[in-house]
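# Secondary and tertiary structure notes
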Amino acid sequence: MLPKRLVSLDALRGFDMFWIMSGEHIIHALAEATHIPLLEWMSEQLHHTAWNGVTFYDMIFPLFLFIAGVSMPFSMQKKVTETAVNSPNELPNAIKKPLYLAMVKRTVILIFLGVVVNGLFKWNGYEQTRIASVLGRIGLAWFFAGIIYLNFNTQKQIFCFAFILVGYWLIMKYVPVPGFGAGVLTKEGSLESYIDRILLPGRLHSIVHDPEGILSTIPAIGTAMLGVFTATFLKAESTFSAYKKVLLMTIAGFVLIGLGLLWDISFPINKRLWSSSFVCFVGGCSILFFALFHLVIDLWKFQKWALPFVWIGANSILIYMASEGIVNFGYTANFFFGGLISHTPVLWQPVFTTCSVTLTQLILLYIFYKKKIFLKI
């Protein structure tokens, strides 16, 4: 039987956010101090690829979006139970309307918060304000995945997923861009970049291209839908045992990774374009991460080790915004721990400094968790 609450979901969300909030800096500092090959490899993995290809760091954003998709069927289950229907697409329109309004509100708030993170209140003028953002993409992709989830059965959802990925591949390959032609998948020549230069207001992230642009948000819907499919399968009544479901999720993860690698031949794995092959490859990895966390935390009940991740996951949007510049954790950590760190060997001071930042963040998140203070959007 499925646990009443998937602790693994909060833990995985926290594990994902840990690397953004400060975890990456610990690995970079350790690699610099020790030059241990494994740590140096991990440090390399905590950088984005320049263009084609994928690293662990490239997976953090889509994993978060995948997790948002997993949460959706569980969060809407109460409405399904109350109205005694079999699936969300059977909900009466009177029930769906307030859901739509809540979804629109959440999306608008995430878009706004994304612009805030981009520096809205620096007041540098419209032309210097970046509108596209990580939070904005999460909001939009989650919203449209939710619309599909609420209005179509699983079979039609899978069709929508395939249509999105294949359709995006075809237009990126065969729609010509003035001055470049069709199928030029470079930062300057791609159709995605061209549309952003024409339609995306404000400043682009890379002058000629924005990794959270308009067109590439469409395949990101597919990333959220993979999370929806995973949760739908997990919570469905079936003859499969909980362990067999983990096995089947693992198989599905590897199949998607294989599909992504195969598709890479024609449509390179590329986070900045959010290519269809990227959706498949990283989606497969996301399912594997979730299957592992679900097995260890929910089924085997090994949970204490994951508590710090749960604290992070419970306030993921808050710590993301804070660590992106709204709160200077480095200053606070130095205030409390800087004196002690100054008496340690110089080689290890960067390691202890980054660890002190993480410790400061975790103390704050622990207090919020214990006091039940959560930023819910």
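Note that the coordinates shown come from a computational prediction; the quantities given were computed from them, not determined experimentally. (Residues numbered from 1 in each chain as written. Predicted model: local features only at pLDDT ≥ 70, side-chain atom pairs only at ≥ 80, totals over all residues. Heavy atoms only, no water.)

Moving on, we get to the packing of helix H14 (residues 329-341) against helix H15 (residues 349-370). Where H14 contacts H15, the two axes come as close as 9 Å, and the packing angle between them is 125°. Relative to H15, the element H14 lies oblique. Seen along the crossing, H14 lies across H15 with a hand that is right-handed. Where H14 abuts H15, its residues Phe 329, Gly 330, Thr 332, Ala 333, Phe 337 and Ile 341 lie against Gln 349, Phe 352, Thr 353, Ser 356, Val 357, Leu 359, Thr 360, Gln 361 and Leu 364. (Axes fitted to C-alpha atoms, helices over the stretch in contact; angles between N-to-C directions. Helix = DSSP H or I, 4+ residues; strand = E, 2+ residues; numbered from the N terminus. Parallel < 35°, antiparallel > 145°, perpendicular 65-115°, else oblique. Left-handed = near helix turned anticlockwise from the far one by under 90°. Contact = heavy atoms within 4.5 Å.)

In this structure, Leu 135, Met 225, Phe 290 and Ile 312 are the most contacted members of the largest nonpolar core, which totals 103 residues. Considering every element that reaches this core, the biggest residue donor is helix H11 (residues 276-299), with 14 residues. In contact with Leu 135, other than residues within four places in its own chain, are Leu 110, Leu 113, Gly 114, Val 117, Ile 317, Tyr 320 and Met 321. (Core = buried A, V, L, I, M, F, W, Y, C linked by side-chain atoms within 4.5 Å. Buried < 20%, exposed > 50% of the residue type's maximum accessible area, 1.4 Å probe, protein only.)

This part is about the packing of aromatic side chains. Summed over the entire model, instances satisfying the criterion amount to 25 aromatic pairs. With 5.8 Å between their ring centres and 85° between their planes, Trp 19 and Phe 56 make a pair best called edge-to-face. In this pair, Trp 19 is assigned in helix H1 (residues 7-34) and Phe 56 in helix H3 (residues 56-75), connecting sequence segments 37 residues apart. Phe 56 carries the same exposure label as Trp 19, and that label is buried. Each residue in the set Phe 15, Phe 18, Trp 19, Phe 56, Phe 289, Phe 293, Trp 305 and Phe 309 is aromatic and connected to the rest through ring pairs, giving one cluster. Across from the ring centre of Trp 142, 4.3 Å away, lies the NZ or CZ of Arg 106, which sits over that ring. Here the basic side chain of Lys 245 rests over the ring of Phe 233, its NZ or CZ set 5.8 Å away from the ring centre. (Phe/Tyr/Trp six-rings, centres within 6.5 Å; stacked < 30°, edge-to-face > 60°. Lys NZ or Arg CZ within 6 Å of the ring centre and 35° of its normal.)

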